[in-house]
Amino acid sequence: MPAPHNPFKAALKAGKKQLGVWSSFAHPYPIEMVATAGFDWVVIDGEHAPNDLQTITSQLQVLEGKHSHAVVRIPTGNDWLVKQVLDAGAQTVLVPMVDTAEQAKALVRAMRYPPHGIRGAGAAGARASLFGAIEDYVQTANDEVCLLVQVETRLGMENLDAILDVEGVDGVFIGPADLAADMGHPGNSAAEDVKAAIKDMLGRISESDKAAGILGVSQTATQEYADWGAQFLAVGVDVGVFAKAMRDLEGHWRARI
Ligand SMILES: O=C(O)C(=O)C[C@H](O)[C@@H](O)CO
């Protein structure tokens, strides 16, 4: 039996738009609720949410068989972190702060078993192979893993064309918040030069054989990113949605009672 099919990777390759959302609760219970909403992909955020390998694994278990495909964001581009989340059952990995083609190539190798990469072949004892029940896992997994790299600095922007040439990168995701900060506008991804940079990058990624992704945190920005060619577009962060709803609820009733 081969490694499970990765429908998100196939959809990106086929040029299909994929609607996504960020999950930062770092817990299996709320992500199950998020998965009832019908998004095509959901990020389990290991960079800015308090996730560890156990909480990531629990959330992967909850998302198993659901329509929303799990995209695991690791905190930094280390090969051992890639190996751990792949063995836990992630098929799609998002890596922040990828600034050069060399970094992207190293990540491609981390995602793949030899001879195409350096992923350690211990999957027989891991959830990814259903603890050995998927007998051909090691022989077939390379085809079903999906690597998304984040370009979110001026250096990454300079090197975008070289990153787009790296075989094995499936998608390039722009981080508007980090890009804005690196461009001298912390907290303001709506600054005109940041928007121009994002539009230019989304255009260049869309013209390549990689998928273009981004997260919009306002309706205006999200619509612009869609219009500028984002193929896998995250449209919100669950903790933000929840926190706003709670503040609105409190404010509504505070004024009335
Ligand atoms: O730079 C960005 O923007 C991102 O990488 C997304 C952020 O980490 C954040 O908005 C997710 O909560």
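In case you missed it, the structure is sitting above this.
Residues numbered from 1 in each chain as written. Predicted model: local features only at pLDDT ≥ 70, side-chain atom pairs only at ≥ 80, totals over all residues. Heavy atoms only, no water.

K.L.:
It is not clear to me how the pattern of salt bridges should be interpreted in this structure. Could you clarify?
P.N.:
If charged atoms from side chains of opposite charge come close, those side chains can pair. Throughout the structure, instances matching the rule amount to 12 salt bridges. A salt bridge links Arg127 to Glu64; the nearest nitrogen and oxygen atoms lie 2.5 Å apart. With Arg127 in the loop between α5 (101-111) and α6 (137-140) and Glu64 in the loop between α3 (53-63) and β3 (69-73), this residue pair connects regions lying 63 residues apart in the sequence. For Arg127, a relative accessible area of 16% puts it in the buried group. Each of the salt bridges in this network shares a partner with another, and the network as a whole consists of Asp45, Glu47 and Arg73. (Salt bridge = Lys/Arg side-chain N within 4 Å of Asp/Glu carboxyl O. Helix = DSSP H or I, 4+ residues; strand = E, 2+ residues; numbered from the N terminus. Buried < 20%, exposed > 50% of the residue type's maximum accessible area, 1.4 Å probe, protein only.)

K.L.:
So what exactly am I meant to see when it comes to the packing of helix α4 (residues 79-87) against α5 here?
P.N.:
Axis angle and axis distance: for two packed helices, these are the angle between their axes and the distance between the axes, and together they describe the pair. Where α4 meets α5, the closest approach of the two axes is 9 Å, and the angle between their N-to-C directions is 35°. Where α4 crosses over α5, the two elements pack in a sense that is right-handed. Touching Asp79, Val82 and Leu86 of α4 are Leu107, Ala110 and Met111, all from α5. Split by residue class, the contact of α4 with α5 holds 5 nonpolar, no polar and 1 charged. (Axes fitted to C-alpha atoms, helices over the stretch in contact; angles between N-to-C directions. Left-handed = near helix turned anticlockwise from the far one by under 90°. Contact = heavy atoms within 4.5 Å. Nonpolar A, V, L, I, M, F, W, Y, C, P; charged D, E, K, R; others polar.)

K.L.:
When you look at the packing of aromatic side chains in this model, what are you seeing that I'm missing?
P.N.:
The way to describe two aromatic rings as a pair is by their centre distance and the angle between their planes. Summed over all chains, the structure comprises 8 aromatic pairs. Ring centres 5.8 Å apart and planes at 75° place the aromatic pair Phe25 and Phe242 in the edge-to-face group. In this pair, Phe25 is assigned in the loop between β1 (18-23) and α2 (28-35) and Phe242 in helix α12 (residues 238-254), connecting sequence segments 217 residues apart. On the numbers, 6.1 Å between centres and 55° between planes, the contact of Tyr225 with Trp228 is tilted. Both residues of the pair, Tyr225 and Trp228, count as buried. The structure contains a cluster of three or more aromatic residues connected by ring pairs, namely Phe8, Trp22, Trp41, Phe173 and Phe232. (Phe/Tyr/Trp six-rings, centres within 6.5 Å; stacked < 30°, edge-to-face > 60°.)

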